[in-house]
Amino acid sequence: MGKTSGIFSRMNQKESLDNYLARDNKLERTLTAKDLIMLGVGAVIGTGIFILPGTVAAQHTGPGIIISFLLATLVCSTSALCYAEFSSALPIAGSAYSYGSVVFGELTGWILGWALVLEYMLSVAAVSSGWSAYFQSLLGGFGIHIPKALTGFYDPANGTYFNLFAVLIVLLIAWILSFGLKSSVRINSIIVVVKIAIILLFIVVGFFYVKPSHWTPFLPFGTSGIFKGASLVFFAYLGFDCVSSSAAEVKNPKKNMPIGIFGTLIICTILYMLVSIVLTGMVHYSRLNVSDPVSFALQVVGQGKLSGIIAVGALAGMFTMMVTMIYSSSRLIYSIGRDGLLPKFLGKINPKNNIPKHSVIIVTIIIAFMGGFVSLSKLASLVNIGTLIAFTFISIGVIPLRKRKDIDNKDGFKVPFYPVLPIISTLLCIGLMTQLPAETWLIAIIWFIIGLVIYFGYGISHSKLNVSNKK
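Residues numbered from 1 in each chain as written. Predicted model: local features only at pLDDT ≥ 70, side-chain atom pairs only at ≥ 80, totals over all residues. Heavy atoms only, no water.

A. The packing of helix α8 (residues 164–177) against helix α14 (residues 357–373), seen in detail. The interhelical angle for the contact between α8 and α14, taken along N-to-C directions, is 165 degrees, at an axis separation of 8 Å. As judged from the angle between their axes, α8 and α14 are roughly antiparallel. Read as a crossing pair, α8 and α14 show a hand that is right-handed. Touching A166, V167, V170, L171 and A174 of α8 are V360, T364, I367, A368, G371 and G372, all from α14. Looking at the contact of α8 with α14 residue by residue, the classes come out as eight nonpolar, three polar and no charged. (Axes fitted to C-alpha atoms, helices over the stretch in contact; angles between N-to-C directions. Helix = DSSP H or I, 4+ residues; strand = E, 2+ residues; numbered from the N terminus. Parallel < 35°, antiparallel > 145°, perpendicular 65-115°, else oblique. Left-handed = near helix turned anticlockwise from the far one by under 90°. Contact = heavy atoms within 4.5 Å. Nonpolar A, V, L, I, M, F, W, Y, C, P; charged D, E, K, R; others polar.)

B. Up close: the nonpolar core. The biggest cluster of nonpolar side chains holds 136 residues, and the ones touching the most others in it are Y83, L90, F202, Y237 and Y272. A total of 16 residues in this core trace back to one element, the largest contributor, which is helix α7 (residues 106–141). If you look at the next biggest cluster of nonpolar residues, it comprises five residues, including L27, A93, Y334 and I349. (Core = buried A, V, L, I, M, F, W, Y, C linked by side-chain atoms within 4.5 Å. Buried < 20%, exposed > 50% of the residue type's maximum accessible area, 1.4 Å probe, protein only.)

C. Quick peek at helix α11 (residues 253–282). Between the first and last C-alpha of α11 there are 43 Å, a value that for 30 residues agrees with the 44 Å anticipated at 1.5 Å per step. The element α11 is largely enclosed, with a buried count of 21 among its 30 residues. (Expected span 1.5 Å × (residues − 1).)

D. The arrangement of the pattern of salt bridges in detail. Within the structure shown, the criterion is met by four salt bridges. Across the salt bridge formed by E249 and R331, the nearest N and O atoms sit 3.1 Å from each other. Pair noted here: E249 is in the loop between α10 (222–233) and α11 and R331 is in helix α13 (residues 307–338), with a separation of 82 residues, a long-range link. R331 matches E249 in its accessibility class, with the two residues each being buried. Note that R338 and D339 form a salt bridge whose closest N and O atoms lie 3.0 Å from each other. A relative accessible area of 3% places D339 in the buried class. (Salt bridge = Lys/Arg side-chain N within 4 Å of Asp/Glu carboxyl O.)

E. The arrangement of unusual backbone geometry in detail. In this chain, T216 is followed by P217 through a cis amide linkage whose omega measures -5 degrees. Looking at the secondary structure, you find P217 in the loop between α9 (181–207) and α10. Of note, the bond from Y418 into P419 is cis; its omega dihedral lies within 30 degrees of zero at 0 degrees. Tracing the backbone through its elements, the reader meets P419 in the loop between α15 (381–403) and α16 (420–433). Even without glycine at this site, N252 takes up a positive phi of about 45 degrees.

F. Representation of the packing of aromatic side chains in the model. The final tally for this structure, using the stated rule, is 17 aromatic pairs. An angle of 70 degrees between the planes, with centres 5.0 Å apart, marks the rings of F135 and F165 as edge-to-face. Residue F135 is located in helix α7, and its partner F165 is located in helix α8; the two are separated by 30 residues in the primary sequence. Accessibility expressed as a relative area gives 22% for F135, which makes it partly exposed. Connected via pairs of aromatic rings, a cluster forms that spans W110, W114, W447, Y455 and F456. (Phe/Tyr/Trp six-rings, centres within 6.5 Å; stacked < 30°, edge-to-face > 60°.)

Structure (structure tokens):
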């Protein structure tokens, strides 16, 4: 009984902010609010902006897709407010993992970290496969074709063994990140600007082909369609939470972290809504249930030549998303290694460029393997459940965070309408999780069981928090 209670007490020990700040002091604070916004927009705006507004409008909302995006933004903003307070009060690496360890205890922190590992790595692996498909299509337009065996995941029955370009793009991004954060952010920002320019090009060109009659009826599926659409497009915003993982490398985090989070949401919402307005105005919503609605709309109005530019925009969108997610994954693994819950070499910083070199290498190997050999189509919804679990704990976690006298957030951002808004955010996240299929929950349960085996088999006995408390 005594041994069991001892284990239980160790699981619930809370990390201190001072310990984390001391461990993270080798990370260089170079990021500004502008850098954070570029990282956030890079993660959120991917191929979804060229697909979701069309397919969701055709199946669920009609032109009312605009309202669905607005509702999704409101839901997402409640979680963003909570993330903003946490990142302001706790300017440390690790995002929800570290926040959970400080506020709820080590075991909860581990569970949140394990959920984020699922979100970050799986999403990059899935997107790397999509990037490969787009790139192969682009090469095909120039008459360049590679052997079929190198074009997809391991599936001998269909003649594919290895997705070459999915692996190469992950290795390229890891190589870019190895030069240090400042160089990586600069390259990411340039590509984000190119991506936004292509999106704005579509909006401007498409505007001249808008027919207001296509917006009638505005709500062909009724109000229920709007809410269904909102639950679907909500996932277009996943990735803004990656901004918080960089808190230990941000100048003046109390000021810049909230700006980075909300700047990301505002810019992405405006772009999503403008694309939705123009797209449903160019072509009647009923015709947009295709795999590439933006390119399709341009072809319908006689601007097919711009489709190639849209393909470049999609490639740029996926590239910046992968940059941010691989960066965030490496900081997450670094944070867990820093605390001893994973092998300690993962928590070491390379003194030459101030990056966690070993965690970058491990993350790259895992993602490249999944992208190159594994079919991820059936596992995509796991990304959603990992994110929503983190959102839920961060939302309700604002309440115990405020009660901590040892954490000074006097001049930082605070969630308004406390404690009502954090509770509402928690309930909204739980509500969205109930919409996920049973298969997703089953696979997620298996994933978390594996995580608990690792924690109790290795993490709890190697935890720096437990080791220091024994001394």
